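# Analysis of the macromolecular model
Listed below, chain by chain, are the residues.
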Amino acid sequence: MATTTVKAYGTTAPTEDLKPLDIERRAVGTDDVKIDITYSGVCHSDIHTARNEWNGSTYPVVPGHEIIGRVVEVGNGVSSHKVGDLVGVGCMVDSCQTCSSCQKDLEQFCENGATFTYNSPDKHLEGKQTYGGYSTSVVVDEKFVLRIPENLDEAATAPLLCAGVTTWSPLRHWNVKKGDKVGVVGLGGLGHMGVKFANALGAHVVMITTSPEKGKDATRLGAHEVLVSKDEDDMKKHQNSFDFILNTIPVGHEMDPYLGLLKIDATMVLVGAVEPLKPFHGGNIIFGRKRIAGSLIGGIKETQEMLDFCGEHNITSDIELINMQDINTAYDRVTKNDVKYRFVIDMKSLK
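Residues numbered from 1 in each chain as written. Predicted model: local features only at pLDDT ≥ 70, side-chain atom pairs only at ≥ 80, totals over all residues. Heavy atoms only, no water.

## A short note on the overall build of the protein chain
Per the secondary structure count, the protein chain includes eleven helices and 17 strands. Against the compact-globule benchmark of 20 Å for 351 residues, the protein chain has a radius of gyration of 20 Å, which places it among compact chains. Each principal axis of the C-alpha atoms in the protein chain carries an extent, and together these give about 65 × 40 × 35 Å. When the 351 residues of the protein chain are sorted by exposure, 58% land in the buried category. Looking at the protein chain as shown, the accessible area adds up to about 15300 Å², and 49% of this sits on carbon and sulfur atoms. Separation of charge centres in the protein chain, based on 36 positive and 46 negative side chains, amounts to 4 Å. (Helix = DSSP H or I, 4+ residues; strand = E, 2+ residues; numbered from the N terminus. Rg over C-alpha atoms; globule rule 2.2 N^0.38 Å. Buried < 20%, exposed > 50% of the residue type's maximum accessible area, 1.4 Å probe, protein only. Areas by Shrake-Rupley, 256 points an atom, 1.4 Å probe, with all protein chains shown as cover. Lys, Arg positive; Asp, Glu negative; His and termini not counted. Charge placed at Lys NZ, Arg CZ, Asp CG, Glu CD.)

As structure tokens, this is what we get:
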């Protein structure tokens, strides 16, 4: 297959900084959409992969799975997008489309392995792997290209494609609705989106944090209350009162204090800690028939529903816009929790 060389930023080893690279993109096929990338969000998963912290990276790595851009070319068979459209690409660029998960619009759980936006074997270029959004352009199958509402701020929309759908999916799957008492644990890139979505869905939102100083910002984002988890008296007041808890803590932690907050038959969903958790007491779920669950991103249909909801309610992420050349500094700041609440790269700086 014919290819085109484009500019990108990536790394060739886990201990190296990201730097300018040239990568190959495939020519536009019958069902493909070519996108000129305008903004690319920075996700903690980018850092984990670039630094091989999940032990599965193949180099060179070009991260980026929160892609916003304009369509500049479409294949002859494309009917859902046209040149000039504002579009996005999230964490996946392909799946088998035939397994039971794909048939249920759950491509993220593709039983034959979804093709992720970066660091996955590329189905179209033999022996190659996928490269992400830290680049000037990308070619993607139309089924994995999402429509972006034109009323939303382009740059601030980018993190919706990962952080947004990661928090939206469990809120929808567990049917969070008006009047529910919803706790969001952790006010970071995921947590701030969880607060915004739960509020927009009509829930009574409680920000659960170890840091009292985050209370003011949580209220600005849509939280109705702030619960400091280190305050034993306050935690007791909220015992057995939550319909749902979205736990966005990204590292192993004690879960027993949060389990005690759940009502009978209520659920706490983990979306942040992709690593071992500390042991918890079985009695805290047995007495109350409580549930601990996990959730990944969403499928393409659900991601589009989330974007449409954001368009209707004017929801975007709180971001700090950076140039591509500042990415290594941004990575260091993310690891120190020094961003409110997501970095987004202005890709004009690469062009």
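Read on, since the account is not over.
## So, helix α10 (residues 300–313)
Here α10 spans 20 Å end to end across 14 residues, near enough to the 20 Å set by a 1.5 Å rise per residue. For α10, the complete set of buried residues consists of Ile300, Glu302, Thr303, Gln304, Met306, Leu307, Phe309, Cys310 and Gly311. Buried residues belonging to α10 abut β6 (92–94), β9 (146–147), α3 (154–157), α4 (163–173) and α5 (191–200). Positive phi appears at Asn314, one or two residues downstream of α10, with a value of about 55 degrees. (Expected span 1.5 Å × (residues − 1). Contact = heavy atoms within 4.5 Å.)

## Some details on the environment of Tyr59
Here Tyr59 shows up in the loop between α1 (44–50) and β4 (67–74). In sequence terms Tyr59 and Thr12 are 47 residues apart; their C-alpha atoms lie 5.2 Å from each other. One polar contact links the side chain of Tyr59 to the main-chain carbonyl oxygen of Ala50, over a distance of 3.0 Å. A distance of 3.5 Å separates the side chain of Tyr59 from the backbone nitrogen of Asn52, its partner in a polar contact. (Polar contact = N/O pair within 3.5 Å; in protein donor to acceptor, adjacent residues only side chain to side chain.)

## Quick word on the pattern of salt bridges
For the coordinates displayed, the defined rule picks out 17 salt bridges. When the shortest N-O distance is used, the salt bridge between Asp217 and Arg220 registers 2.7 Å. Residue Asp217 and its partner Arg220 are both found in helix α6 (residues 215–221); the two are separated by three residues, about one turn of the helix. In this structure Asp217 comes out as buried when scored by relative accessible area, which is 16%. The shortest N-O distance in the salt bridge between Lys348 and Asp346 comes to 3.1 Å. Judged by its relative accessible area of 11%, Asp346 is buried. The network of salt bridges with common partners includes Lys196, Asp217, Arg220 and Asp318. (Salt bridge = Lys/Arg side-chain N within 4 Å of Asp/Glu carboxyl O.)

## Overview of unusual backbone geometry
In this structure, the amide linkage connecting Tyr59 to the following residue, Pro60, adopts the cis form with an omega of 5 degrees. Mapped onto the elements of the fold, Pro60 is located in the loop between α1 and β4. A cis amide bond links Lys340 to the next residue, Tyr341, at an omega of -5 degrees. The backbone of Asn337 shows a phi angle near 60 degrees, a positive value even though the residue is not glycine. When you line up the elements, Asn337 lands in the loop between α11 (327–335) and β17 (342–346).

## Looking at the sheet that holds strand β15 (residues 291–294)
Strand order in the open sheet made by the six strands is β12-β11-β10-β13-β14-β15, with parallel pairing throughout. Unpaired on one side and paired on the other, β12 (225–228) and β15 mark the two borders of the sheet. Between one strand axis and the next, the sheet turns through 25 degrees on average, direction left out of account. The pairing of strand β13 (residues 242–247) with strand β14 (residues 262–270) spans five bridges and is parallel. In the sheet register, Leu246 faces β14, and the bridge partner there is Val269. (Pairing = 2+ DSSP bridges. Axes fitted to C-alpha atoms, helices over the stretch in contact; angles between N-to-C directions.)

## Digging into α11
Residues Ile327, Asn328, Ala330, Tyr331 and Val334 constitute the buried set of α11. Burial along α11 is one-sided: seen end-on, the buried residues are contained in an arc of 155 degrees. Residues of α11 that are buried sit in contact with β1 (3–10), β3 (32–42), α1, β16 (319–323) and β17. Positive backbone phi, approximately 60 degrees, marks Asn337, located one or two places after α11. (Arc of directions from axis to C-beta.)

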